[in-house]
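Geometric and topological summary
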Amino acid sequence: MIGEDEIQEVVDSLRSGWITTGPKVKRFEAQFAEYVGVRHAIAVSSCTAALHVALTALGVGPGDEVIVPTLTFCATANVVLHLGATPVIVDVDQSMQISVAEIERHITPRTRAIVPVHYAGQACDLAELLALAERHNLPLVEDAAHAAGSDYRGVRIGSHGRAVAFSFYATKNLTTGEGGMITTNDDDLAGRMRLLTLHGMSRDAWKRYTETGSWHYEVVEAGYKNNMTDIQASLGIHQLRRLDGFITERQRIAAEYLAAFSEFSEILLPPRLPGRNHVYHLFPIRLSPGRLSIGRDEFIRQLQERRIGTSVHFIPLHRHPVFQRACGATAEQYPVAEALYENLLSLPLYPRMSPADVADVIGAVTDVIEHYRV
Ligand SMILES: Cc1ncc(COP(=O)(O)O)c(C=O)c1O
């Protein structure tokens, strides 16, 4: 939800002449680090870039394996392929989060990192994941694309793993249009990641354009072009200030859905896990098998006929040809995700929804259930 403050801040950037990485990116990074409670925040062009940079900085390369869940967006695993490594795709459990037992089963001498995804805006079991990562001496790189402002046992997401990647894509809880952030408490890793986001140029390369800057720089490794612009950070600074309010709104709408649908045995509502603040980036529901005379695809079509647009988060990775080719994934290896996916859809949920919008969704879902219950 873009407000007047964001618009004015963008105009200010345009008038100031700083339209690429500059002082506002620095300000946004500092404010995000403070919000999360972490030593370093590095603003980047997307969460995909954040994951790519983090895994590169950790030394992932050809011949390595990186463990990812199957119930995620393709970006989580694409970056592993970009590095010449193999994504090892594992099943989720009934909580819809990556299965810690499945991770353990898939660790080999070639495993170089574990990338859990805080699906829908609710944290994975970080205590178990951190213990597992420590036992095997593996870095945890959290895909927190859905989880800005979320927490685990009272600590905000962003400071648990070795590196944490956030998305500020248009639909996310905090948006800069396109954008992302990497957070870490590891000083050396932060330095390496910062270099990699801007061509591998020596520290604070952007300063060469400031009064105190110098023309001289060195390229110390072949980095990427993943920096965030001040125009994006203009949005981010104000979005961050409003993030907790957005989350409260999302939770209020989620509470309305939960209350309205709690009596229906025909649908399963998003699982709530203890010790976590669910920020409801998504509201994924599942049809209870055998309770309706229609399947998920027809359920989506019926909602569409009632002018309610839904989506499916996600088509599991193992169903995509690229990952089937890369690691020989087959449906039989993912019984939990397969059963979830068959019945999965996400209801609309965003802070700008009016009470009438929410009532329309509840009305349409109720109508379809009443029409097709067996
Ligand atoms: C789980 C997950 N990881 C990564 C990404 C990629 O984020 P971005 O579009 O900022 O690169 C997304 C995007 O939706 C996502 O859902």
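Everything numeric in this text was worked out from a predicted model, so none of it was measured. (Residues numbered from 1 in each chain as written. Predicted model: local features only at pLDDT ≥ 70, side-chain atom pairs only at ≥ 80, totals over all residues. Heavy atoms only, no water.)

1. Notes on the overall build of the protein
Scanning the protein from terminus to terminus reveals 12 helices and 13 strands. A compact globule built from 374 residues would reach a C-alpha radius of gyration of about 21 Å, and the protein, at 21 Å, matches this within 12%. With the C-alpha coordinates aligned to their principal axes, the bounding extent of the protein is approximately 75 × 55 × 35 Å. A burial count over the protein gives 56% of its 374 residues as buried. Contacts spanning at least 24 positions in sequence make up 71% of the contacts within the protein whose residues lie at least 6 apart. Surface accessibility of the protein: about 15,800 Å² in total, with carbon and sulfur atoms responsible for 51%. Averaging the positions of the 35 positive and the 43 negative side-chain charges in the protein gives two centres separated by 2 Å. (Helix = DSSP H or I, 4+ residues; strand = E, 2+ residues; numbered from the N terminus. Rg over C-alpha atoms; globule rule 2.2 N^0.38 Å. Buried < 20%, exposed > 50% of the residue type's maximum accessible area, 1.4 Å probe, protein only. Contact = heavy atoms within 4.5 Å. Areas by Shrake-Rupley, 256 points an atom, 1.4 Å probe, with all protein chains shown as cover. Lys, Arg positive; Asp, Glu negative; His and termini not counted. Charge placed at Lys NZ, Arg CZ, Asp CG, Glu CD.)

2. Regarding the site of the ligand
By nearness alone, 15 residues border the ligand, and T48, D143, H146, S167 and K172 come closest of all. With respect to the ligand, the side chain of D143 contributes an N or O atom lying 2.7 Å from a nitrogen atom. One of the side-chain nitrogen or oxygen atoms of S167 is found 2.7 Å away from an oxygen atom of the ligand. Taken by itself the ligand offers 390 Å² of open surface, and the protein chains cover 91% of this. (Near = heavy atom within 4 Å. Polar contact = N/O pair within 3.5 Å; in protein donor to acceptor, adjacent residues only side chain to side chain.)

3. Notes on the sheet that holds strand β4 (residues 111-114)
Picture the strands of a sheet paired through backbone hydrogen bonds; they go either parallel or antiparallel. The 3 strands lie next to each other as β3-β2-β4, forming an open sheet whose pairing is parallel. Unpaired on one side and paired on the other, β3 (86-90) and β4 mark the two borders of the sheet. Strand-to-strand twist across the sheet, computed as the mean angle between neighbouring axes with direction ignored, equals 30 degrees. Two elements, strand β2 (residues 65-69) and β3, share 5 bridges in a ladder whose sense is parallel. Residue pairing in the sheet places V66 in a bridge with P87 of β3. Those strands touched by helix α4 (residues 75-82) are β2 and β3, and its axis lies near 150 degrees from that of β3. (Pairing = 2+ DSSP bridges. Axes fitted to C-alpha atoms, helices over the stretch in contact; angles between N-to-C directions.)

4. A look at empty space enclosed by the protein
A full pass over the atoms with the stated rule returns 2 cavities of 30 Å³ or more. Here the lining of the second largest cavity is built from residues that sort into 6 nonpolar, 4 polar and no charged. (1 Å grid on protein atoms, 1.4 Å probe; cavity = no way out; pocket = protein on both sides within 12 Å on 5 of 7 lines; lining within 4 Å. Points joined across faces, edges and corners; volume = space filled by probe spheres on them. Nonpolar A, V, L, I, M, F, W, Y, C, P; charged D, E, K, R; others polar.)

5. Some remarks on the pattern of salt bridges
Using the criterion set out here, one finds 24 salt bridges in the structure. We note a salt bridge from D12 to K24, for which the minimum N-O separation is 2.8 Å. Highlighted residues: D12 in helix α1 (residues 4-16) and K24 in helix α2 (residues 23-36), separated in sequence by 12 residues. On the basis of relative accessible area, K24 is assigned to the buried category, the value being 7%. With a shortest N-O distance of 3.2 Å, E305 and R301 are connected by a salt bridge. In this pair, E305 and R301 are both assigned in helix α9 (residues 296-305), 4 residues apart and thus about one turn of the helix distant. Connected via shared salt-bridge partners are E9, D12, K24 and R27. (Salt bridge = Lys/Arg side-chain N within 4 Å of Asp/Glu carboxyl O.)

6. Observations regarding the sheet that holds strand β8 (residues 163-167)
One open sheet holds the 4 strands; their spatial order is β1-β9-β8-β5, and the pairing between them is mixed. Only two strands of the sheet have a single partner each, and these edge strands are β1 (40-44) and β5 (141-144). Sheet twist, expressed as the mean angle between neighbouring strand axes with direction ignored, is 20 degrees. In this structure, β5 lies alongside β8, joined through 4 bridges in parallel fashion. Across the sheet, the residue bridging to A144 is F166, located in β8. Packing of α2 onto the sheet brings it into contact with β1, β8 and β9 (180-184), and relative to β1 it is tilted by some 135 degrees.

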